[in-house]
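Examination of the molecular architecture
For reference, the chains in residue letters:
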Amino acid sequence: MIQTLVAALMWVLVASLLILRRGRTDRSITYSALTIAIAMTLNVDAIYVVVDRVLGATNLATLLSDGLLMIGLFFLGRAAMKAGEYRPRLVRAAVGRSALFVALLGASVTFTLIHRGSTTVNFMIDLGAQPWAATYSIVAFTYCGTVVTAMLALATRQFRIGDGIQRIPSALLLIGSTSGVALCVVVIVMDVAHISGNLELMNAVGETYGPLFLLAFVFLCAGFAGQPIVRYARDRARRAQTTEMVRELESLW
């Protein structure tokens, strides 16, 4: 249910960005939204089963989905960095191509070492006790957590220097990024608990997975969709103010 809702939200964001960002040369955020929307759609159980059967019914759809998510977050991080002039070295490294390449390579190699069996919609629940499955998940979510942490730093900076209505998108991104970082930490803790046989801890921590997953994507979507809306509202207010000033000057003349 949560996967379906998040997938729907991502496609709404894609449609919104295509409308609100028409004519802009930088399409990083649009590419990001589209890629993540496809990844989230693949996580819907019914769609996952169909796609995985096409790929050979060995859970390759999991690697495809997670790879697309990582690529989508790469574009998202790049878009967040390009939105302002604050670009510290660690942030540039986190959202750089080299970090993405290393993460994708590591995830791909570890994935091939997993005894995957046939199609399952509960990949990590069924296979997470395998060392290579845990390693695969840790690699993927360490990268995701790194990118989202960089976005958190950028959102914090934008919130501090913004004022009034301009702070709203930054605040939304701040909440979404914080939830995203917490989500990645939860997943890694679950992986370690699963491989160590501490199922009680895994299940206890897993209770927070669904809410954090939803919060992260809802607020990130709202934050990035809110940026062009706020710019449009600001530009419209300026045009109205300029028009009023022109009218006053005309009356004086």
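That block above? That's the structure.
Chains are numbered independently. Their residues run from 1 in the order of the written sequence. With pLDDT at 70 or above as the cut-off, local features in this predicted model cover only qualifying residues; side-chain atom pairs require 80 or more to be listed or tallied, and sums for whole chains, interfaces and linings still use all residues. Only hydrogens and water are removed before side-chain values are computed, so all heavy atoms of the structure are retained for them.

Here we come to the overall build of the protein chain. Under the DSSP-based scheme used, a helix requires at least four consecutive residues in state H or I and a strand at least two consecutive residues in state E, with every element numbered from the N terminus. On a plain count of helices and strands, the protein chain comes out with 11 helices and 0 strands. Helices and strands appear in the protein chain in the N-to-C order α-α-α-α-α-α-α-α-α-α-α. Categorising residues by exposure relies on relative accessible area from a 1.4 Å probe, with only protein chains included: less than 20% of the type maximum marks a residue as buried, more than 50% marks it as exposed, and the intermediate range marks it as partly exposed. Within the span of the protein chain, comprising 253 residues, buried residues form 41% of the whole. Per-residue and other accessible areas were derived by the Shrake-Rupley procedure at a 1.4 Å probe size, with only the shown protein chains allowed to occlude residues. Within the structure as shown, the protein chain displays about 13,600 Å² of accessible surface, and the carbon and sulfur contribution to it stands at 65%.

A separate point is the nonpolar core. In terms of nonpolar packing, the biggest core is built from 51 residues, with M10, I36, M40, L69, L73, F217 and F224 touching the most fellow members. Counting only elements with at least two residues in this core, the list comes to α1 (2–20), α2 (28–42), α4 (60–82), α5 (89–94), α6 (97–112), α8 (131–161), α9 (167–195) and α11 (209–252). Here the element with the most residues in this core is α8; it accounts for 10 residues. Among buried residues, those of type Ala, Val, Leu, Ile, Met, Phe, Trp, Tyr and Cys that are joined through side-chain atoms within 4.5 Å constitute a nonpolar core.

Packed helix pairs are specified by the crossing angle of their axes together with the interaxial distance, meaning the distance between the axes. Between α4 and α8, the least distance of the axes is 9 Å, while the angle of their chain directions is 15°. Considering their axes alone, α4 and α8 lie roughly parallel with respect to each other. Of the two possible hands of crossing, α4 and α8 adopt the one that is left-handed. From α4, T62, L63, D66, L69, M70, L73, F74, L76, G77, A80 and M81 reach across to α8, where they touch Y136, A140, Y143, C144, V147, V148, M151 and L154. When its residues are assigned to classes, the contact of α4 with α8 shows 16 nonpolar, 2 polar and 1 charged. Inter-axis angles, ranging from 0 to 180 degrees, are taken between N-to-C directions of lines fitted to C-alpha atoms, where helices are fitted over the stretch in contact. If an angle is under 35 degrees, it is roughly parallel; if it is over 145, roughly antiparallel; if it lies from 65 to 115, roughly perpendicular; otherwise it is oblique. Should the near helix be turned anticlockwise from the far one by less than a right angle, the crossing is termed left-handed; should it be turned clockwise, right-handed. By the convention used here, residues are in contact when the closest approach between their heavy atoms is within 4.5 Å. All amino acids are sorted into three groups, where Ala, Val, Leu, Ile, Met, Phe, Trp, Tyr, Cys and Pro are nonpolar, Asp, Glu, Lys and Arg are charged, and the leftover types, Gly among them, are polar.

Glancing now at a nonpolar patch on the surface. Like charges within 9 Å and nonpolar side chains (Val, Leu, Ile, Met, Phe, Trp, Tyr) within 5 Å are joined into patches, using only residues over 30% in relative accessible area that form no salt bridge. Throughout this description, the term salt bridge denotes a Lys or Arg side-chain nitrogen within 4 Å of a carboxyl oxygen of Asp or Glu. Together, F101, V102, L105, V109, L113 and W132 make up an exposed nonpolar region whose accessible area comes to about 590 Å². Here the element with the most residues in the nonpolar patch is α6; it accounts for 4 residues.

Computed from the structure, the largest pocket encloses a volume of approximately 1,200 Å³. Space inside and on the surface of the protein is sampled on a 1 Å grid over the protein atoms alone, with a cavity defined as a set of points where a 1.4 Å probe fits but cannot get out and a pocket as an open set with protein on both sides within 12 Å along at least 5 of 7 lines; lining residues have an atom within 4 Å of a point. Residue lining of the largest pocket: 48 residues in total, with Q3, N43, F141, Y209 and F213 positioned closest to the centre. If you tally residues by element for the lining of the largest pocket, the top one is α11, at 8 residues. Partitioned by chemical class, the residues of the lining of the largest pocket number 32 nonpolar, 13 polar and 3 charged. Grid points are joined across faces, edges and corners, and a volume is the space filled by probe spheres set on the points.

Moving on: the packing of helix α3 (residues 45–54) against α4. Look at α3 against α4: their axes get within 8 Å of each other, and the N-to-C directions meet at 115°. In terms of orientation, α3 lies roughly perpendicular with respect to α4. Here the hand of the crossing between α3 and α4 comes out right-handed. Residues Y48, V51 and D52 of α3 lie in contact with α4, whose contacting residues are L60, A61 and T62.

What follows covers the side chain of T110. Relative to the helices and strands, T110 resides in helix α6. At 2.8 Å, the side chain of T110 and the backbone oxygen of G106 are in polar contact. Within the structure, T110 has its side chain in polar contact with the backbone oxygen of A107 (distance 3.1 Å). Residues in contact with T110, not counting those within four places in the same chain, are W132, T135 and Y136. For this analysis, a polar contact is any N or O atom pair within 3.5 Å, provided that within protein one partner can donate a hydrogen and the other can accept it, and provided that sequence-adjacent residues contribute only side-chain to side-chain pairs.

A few words on the packing of aromatic side chains. Pairing of aromatic rings covers Phe, Tyr and the six-membered ring of Trp, with a centre-to-centre limit of 6.5 Å; geometry is then stacked below 30 degrees between planes, edge-to-face above 60, and tilted otherwise. As enumerated under the stated definition, the model contains 7 aromatic pairs in all. Aromatic pair F213 and F217: ring centres 5.0 Å apart, planes at 50°, arrangement tilted. Note that F213 and F217 are positioned in helix α11 at a spacing of 4 residues, about one turn of the helix. For the pair F213 and F217, a shared accessibility class is recorded, and that class is buried. One aromatic cluster in this structure is built from Y31, F74 and F75.

Turning to the environment of T41, a few remarks are in order. Checked against the element boundaries, T41 lands in helix α2. Taking the relative accessible area as the measure of exposure, T41 reaches 18% and is therefore buried. Considered as a pair, T41 and W11 are 30 residues apart in the sequence and their alpha carbons are 9.1 Å apart. Excluding its chain neighbours within four sequence positions, the residues that come into contact with T41 are A7, W11 and I47. Within the local environment of T41, its side chain forms a polar contact with the backbone oxygen of A37, the two atoms lying 2.7 Å apart.

Let's shift gears to the environment of T119. With respect to the helices, strands and loops of the structure, T119 is situated in the loop between α6 and α7 (123–127). T119 sits 60 residues away from N59 along the chain, and the two C-alpha atoms are 5.2 Å apart. Contact partners of T119, with chain neighbours within four places excluded, come to Y48, V49, D52, A57, T58 and N59. Among the polar contacts made by the side chain of T119, one reaches the side chain of D52 at a distance of 2.5 Å.

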